[in-house]
Amino acid sequence: YLGLQSTGHGPQEPIAINFTAKNSPIVQGLADWTTTKEELYNNIQILTGKELATGKQTVKNKDGTTKDVQTVVAWTNEYGPKKARVFATTLGHTNATVEDARSLDLLARGVLWACGKLGDDGKPAAGYGPAK
């Protein structure tokens, strides 16, 4: 259903978000950013999901060295014969991330897309955008 398999996450450390699907209406106009401490989930396999953004996190090993880990953090999928729209993200495990306007924009745009209320131009359908 989700189109991506994940089984766990790393430590709570900042994640550098890079929007990779620049033509997707969901991410049009969104700028790359770095979260505060957040959990980066692994990607065991990407099945039918279409990547929107990756996250890169520097993780400290037990021996004191560091390594960079990069995985998909936001994606879409079309499920079943009717191609039901699915938007998914592994971001949002801390209040700081959920309260961040950039995170909220991504989430709102993903939900609008899944509901068919986001145009190909990245603009919400009439009545679904910000209040004026």
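The structure we're discussing is the one just above.
Undergrad: How do you make sense of the pairing of strand β3 (residues 16–19) when you look at a structure like this?
TA: Looking along a regular strand, one sees the side chains alternate between the two faces of the sheet. Here β3 shows a buried face lined by I17 and F19 and an unburied face lined by A16 and N18. Summarising the sheet, β3 and strand β4 (residues 33–34) pair through 2 bridges and their orientation is antiparallel. Within β4, the position partnered with I17 by the bridge is W33. One ladder, built from 4 bridges, connects β3 with strand β7 (residues 50–60); its direction is antiparallel. When the bridges of β7 are listed, A16 appears paired with K56.

Undergrad: Sorry, what's going on with the pattern of salt bridges here?
TA: Side chains carrying opposite charge are able to pair once their charged atoms draw close together. Taken as a whole and assessed by the stated rule, the structure comprises 3 salt bridges. For D32, the salt bridge identified is with K22, shortest N-O distance 3.8 Å. Of this pair, D32 sits in the loop between β3 and β4 while K22 sits in the loop between β3 and β4, placing them 10 residues apart in sequence. The partner of R102 in a salt bridge is D100, and the shortest N-O contact between them spans 2.7 Å.

Undergrad: In this structure, what is going on with the environment of G80? I would like to understand it.
TA: With respect to the helices and strands, the residue G80 is situated in the loop between β8 (66–79) and β9 (84–89). Judged by relative accessible area, which is 33%, G80 ranks as partly exposed.

Calculation criteria
- Residues numbered from 1 in each chain as written.
- Predicted model: local features only at pLDDT ≥ 70, side-chain atom pairs only at ≥ 80, totals over all residues.
- Heavy atoms only, no water.
- Buried < 20%, exposed > 50% of the residue type's maximum accessible area, 1.4 Å probe, protein only.
- Helix = DSSP H or I, 4+ residues; strand = E, 2+ residues; numbered from the N terminus.
- Pairing = 2+ DSSP bridges.
- Salt bridge = Lys/Arg side-chain N within 4 Å of Asp/Glu carboxyl O.

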